[in-house]
Amino acid sequence: MDVKNPIANPLIVLREEFDDWAILFDPDTGNAFGLNPTGVFIWKLLDGRHGTDAIVNRLREEADDVPEDAGEHARQFIESLEKQGLVGYEVQP
Amino acid sequence: MRLMRTPKKMDIDITNRCNLRCRYCYHFESSGDAGGDLPAAEWLRFFEELNRCAVTEVTLAGGEPFIREDLKEIIEGIVRNRMRFQILSNGTLIDDDMAVFLAATKRCNYVQVSIDGSMPESHDVMRGKGSFAKALQGLMTLRRHGVHAAVRVTIHRKNVHDLEGIARLLLEDIGILSFGTNSAGAMGLCRKNAEMVQLTTQERVTAMETLLRLTKKYNGRINAMAGPLAEAKGWLEMEQARLEGRESMPNRGHLTGCGCYRQHLAVRADGAITPCTMLSHIELGRINRDDLGEIWRDHDELRTLRERHLIPLSRFSFCEGCPYVNYCTGNCPGLSHTLVGEVNHPSPDACLRKFLADGGRLPDRALLG
Ligand code: SF4
Ligand code: SF4
């Protein structure tokens, strides 16, 4: 079965501004999207080598008090990035 | 106040050369006018560092950016390094080929063209014969190819009575959305030609009234960060605060005149990194030699500038007894340095008390619209 891992669009700039907060900047449109610290953490793992489950596991390893439904939230977050063209999928055999 | 990890934007003098010699050019004979141009390879290397620093936007100025034969190569470097850009230009060297190229990059926020008159007389008198026609042609070329063209009008003694005509030309005949205004400041060549160029107090009054009236007429399609229109709005606000006997106004009463070095840095054409194009005498380092992020976060000169806003205006003998002291920002530090030799001082150029003492009169508040 093919496994689709999310991968960040390399054209998008992750601009970490204050503490762990950041914006994603799309130079082609000039649009910017705000990211909270969890969003930044996830974005950095969108390297095509981590599936959503692996990302959530890493999140649980790194942070305390990760809620039960974090997996669903992470999935929705990645889907919303995909809809905006900020994330694609690399197919791995 | 929290500081971003890296600058968001860079203002780059990409060249020290220009095909014109405008009588009020702030660049030539200022400390920004230093050394020769760097080869494109140096800029391309620097853009890679900007990419690593997640800088998102670059302003190319000069001199005249379009004089560089390798400008396309430089812009390709900006695009490759995930940034957008804008160009400040006199407009006279823009041709179809360049406009097509700019449009194709899809990264150009705008090209700002200087148009100072509604007719050749009021533009060419300061910028040189034939420059009005060429600037207009440049503006139209950009528009024809879908490049967003912004216009800046610099107000001086020879066009202050042509403002109505300029607004009609730009907003009605050509149909641009809006334009910006400024006035010839006391920097660079303008200092040398001050008599001919800089508005007298009475002309300043005329400019303020006319611009407020036109801004109202054209529903806010005229704007300004400095110069008579910005002063008129700012000073009316200060006067209102005084009349109401307000204790203070937010972010006023200290040297809060400009905080641009919290958002961006500048680079001179010779590669020196400076806090701002108006403060180009302060060298913070050099591109491709010093680490931009370290300069941004740790340079003593920047720290000092960023603490400027803590200095109360009441500390200066210049402001002693001024009824506006709690409502004033002390204005631009670059102009202050040029005029009184100190960065940490209020600038006399945009001082309301001085303007009134010189016989100036504030416009009617009703003009604010
Ligand atoms: S104002 Fe601009 S166009 Fe005029 S001489 Fe200076 S750099 Fe050139
Ligand atoms: S003297 Fe001028 S600069 Fe000083 S507070 Fe008054 S208006 Fe502002």
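Residues numbered from 1 in each chain as written. Chains lettered and ligands numbered in written order. Predicted model: local features only at pLDDT ≥ 70, side-chain atom pairs only at ≥ 80, totals over all residues. Heavy atoms only, no water.

Q: An account of unusual backbone geometry is requested, with residue identities and associated values reported.
A: One can expect most non-glycine residues to show negative phi and most peptide bonds to be in trans. Residues and elements named next belong to chain B. Here the amide bond leading from Gly-62 into Gly-63 is cis, since omega sits at 20 degrees, within 30 degrees of zero. Among the structural elements, Gly-63 can be located in the loop between strand S2 (57–61) and helix H2 (71–80). The phi dihedral of Ala-54 is positive, around 60 degrees, even though this residue is not glycine. As for its position among the elements, Ala-54 is in the loop between helix H1 (40–52) and S2. The backbone of Asn-288 shows a phi angle near 60 degrees, a positive value even though the residue is not glycine. When you line up the elements, Asn-288 lands in the loop between strand S10 (285–286) and helix H11 (292–298). (Helix = DSSP H or I, 4+ residues; strand = E, 2+ residues; numbered from the N terminus.)

Q: Tell me what's going on with the site of ligand 1, and back it up with residues and numbers.
A: Surveying the vicinity of ligand 1 reveals the residues Cys18(B), Leu20(B), Arg21(B), Cys22(B), Cys25(B), Phe28(B), Gly63(B), Asn90(B) and Arg127(B). Looking at the shell around ligand 1 residue by residue, the classes come out as five nonpolar, two polar and two charged. (Near = heavy atom within 4 Å. Nonpolar A, V, L, I, M, F, W, Y, C, P; charged D, E, K, R; others polar.)

Q: An account of the pairing of strand S4 (residues 108–114) of chain B is needed here, citing residue identities and associated values.
A: Residue and element names in this part refer to chain B. With five of its seven residues buried, S4 lies for the most part within the structure. Pairing of strand S3 (residues 84–89) with S4, which is carried by five bridges, proceeds in the parallel orientation. Bridging across to S4, Gln-86 finds its partner in Tyr-110. Regarding the hand of the β-α-β motif, the stretch spanning S3, helix H3 (residues 96–105) and S4 is right-handed. (Buried < 20%, exposed > 50% of the residue type's maximum accessible area, 1.4 Å probe, protein only. Pairing = 2+ DSSP bridges. Right-handed = clockwise from strand over helix to strand, strands pointing away.)

Q: Report on the sheet that holds S2(B), specifying residues and quantitative values.
A: Residues and elements named next belong to chain B. What the 10 strands build is an open sheet, ordered S7-S6-S5-S4-S3-S2-S1-S8-S9-S10; its pairing is mixed. Each having just a single partner strand, strand S7 (222–224) and S10 make up the two edges of the open sheet. Sheet topology note: the S4/strand S5 (residues 149–155) ladder contains four bridges and is parallel. Its bridge partner lying in S5, Gln-112 is registered against Ala-150. Packing of H2 onto the sheet brings it into contact with S2 and S3, and relative to S3 it is tilted by some 150 degrees. Set on the sheet, helix H9 (residues 201–217) makes contact with S5, strand S6 (179–183) and S7; between it and S7 the angle comes to about 130 degrees. (Contact = heavy atoms within 4.5 Å. Axes fitted to C-alpha atoms, helices over the stretch in contact; angles between N-to-C directions.)

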